[in-house]
Amino acid sequence: MNKWDLDACIHCGKCTRSCLFLEKYGIDLPVLKEKPELAYHCFLCGTCGCVCPKGIDGKEIALDSRRKLVEDGGGKLLDNSYDGLLLEKNPYKFANYRHSKKKAVFFTGCNFPSFFPKTTDKLVEEFAKYDVGVVYDCCGKPIEELGLVSEAAGIIERINWKLKESGVEQVIMACPNCYYFLKGRLDAEIISVYEKMAELKIGNIYQKERIPMYYPCPDRKARKFEYDMKPFLVGKVEDAFRDVQCCGLGGCAAGKEADVAQALTDRVKASREPELYTYCASCICSFRRRGYEDAKHLLPLIMGIDEKVPLGKTPILNRAKCKFK
């Protein structure tokens, strides 16, 4: 089924009922296609595509609209509300390949070292014992999701060139967004950080009777990261947040839909779960920023590191420090 075959839509309303954004505007996916002005209001979580009986995917519709808006703008994003993001990430100002001349490197991404700097440093230290290097960079996903296709392609080309120049054959990802965005787009092999940690016997067992898991959007179907994490978890892992479609940070939409982003966190609170566990730093920071204090990232727990998630200006300062490590 073509993800844009809107003629196949039977107007069952499942997409609208599954998405707080669509529900807010009282629209379904064919109407979303007709309203390109709402393209940047979509969180790109893909939930609508999962529930649609015809396989129509609102994420692809919104992305297609974003790309066309950029084309109509002469290849530029005319919405200046993203100027700060573009200034930092196009190209990424805090990239650092100083320690990349190894066969395997740990690719930190931008958000994990922003919110978990101590865990990042500990992983770099432990990996170094096995001759694994480190790369501090942004994968380029936020740029591509804004509809800036050629710029994102240039970012990926630059990353690939730098890795090849350093002789890198394997890239280890802490971030599921980086993993799925760059998978198949680099010449080097891409694996998750948990797979490499299990191979090298880095990290500890995290034991809890019950682990209520929130699955990040990119890994919600495959659950590859959860599978790779199994050697480190003892306890019953439960899919406890099925009604929460997104953390509120996806698709760069939070600035347009602050009320929807907050409502997504409120759904977590309404679940009455005592804690939320996940493996995405972006999800953690989004929930914490919106008042949910019991969101925990499993990687610091497995590494035995207790660190408070910083808010305010501290995360960008942490990213900036990576430039000089």
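Up top is the structure.
Residues numbered from 1 in each chain as written. Predicted model: local features only at pLDDT ≥ 70, side-chain atom pairs only at ≥ 80, totals over all residues. Heavy atoms only, no water.

### Let's talk about the pairing of strand β7 (residues 233–239)
Relative to β7, strand β6 (residues 206–213) runs parallel, the two sharing six bridges. Looking across to β7, one finds that Arg210 is bridged to Lys236. Assessed by its sense of winding, the connection that carries the chain from β6 through helix α13 (residues 224–229) to β7 is right-handed. (Pairing = 2+ DSSP bridges. Helix = DSSP H or I, 4+ residues; strand = E, 2+ residues; numbered from the N terminus. Right-handed = clockwise from strand over helix to strand, strands pointing away.)

### Remarks on the nonpolar core
Formed by 87 residues in total, the largest nonpolar core has its most connected members in Phe107, Phe127, Val193, Met197 and Phe287. Beyond its immediate chain neighbours, meaning those up to four positions away, Phe127 contacts Phe106, Val132, Ile172, Val193, Lys196, Met197, Leu200 and Ile202. Core analysis: the second largest hydrophobic core is formed by 27 residues, Cys9, Leu20, Phe21 and Ile56 among them. (Core = buried A, V, L, I, M, F, W, Y, C linked by side-chain atoms within 4.5 Å. Buried < 20%, exposed > 50% of the residue type's maximum accessible area, 1.4 Å probe, protein only. Contact = heavy atoms within 4.5 Å.)

### Quick notes on the sheet that holds strand β4 (residues 170–173)
Spatially, β1-β3-β2-β4-β5 is the arrangement adopted by the five strands of the open sheet, whose pairing is mixed. Bordering the open sheet on either side are β1 (96–99) and β5 (189–192), each of which pairs with just one other strand. In this sheet, adjacent strand axes meet at a mean angle of 25° when their direction is disregarded. Alignment of strand β2 (residues 104–107) against strand β3 (residues 133–136), held across three bridges, turns out to be parallel. Bridged to Phe106 within β3 is Val134. Across the sheet, helix α8 (residues 117–128) touches β2, β3 and β4, and the angle it forms with β2 is around 175°. Here helix α12 (residues 193–200) sits on the sheet and contacts β2, β4 and β5; the angle it forms with β5, its principal contact strand, is near 80°. (Axes fitted to C-alpha atoms, helices over the stretch in contact; angles between N-to-C directions.)

### Focus on the pairing of β5
Sheet topology note: the β4/β5 ladder contains four bridges and is parallel. Each residue of the ladder has a partner; that of Gln170, found in β5, is Glu189. You can see the chain leave β4, run along helix α11 (residues 176–182) and come back into β5, and the turn it takes is right-handed.

### Topic: the packing of aromatic side chains
Scanning all chains against the criterion turns up twelve aromatic pairs. Between Tyr179 and Phe225 the ring centres are 5.3 Å apart and the planes differ by 90°, which places this aromatic pair in the edge-to-face class. Of this pair, Tyr179 sits in helix α11 while Phe225 is found in helix α13, placing the two residues 46 residues apart along the sequence. Each member of the pair, Tyr179 as well as Phe225, is classed as buried. (Phe/Tyr/Trp six-rings, centres within 6.5 Å; stacked < 30°, edge-to-face > 60°.)

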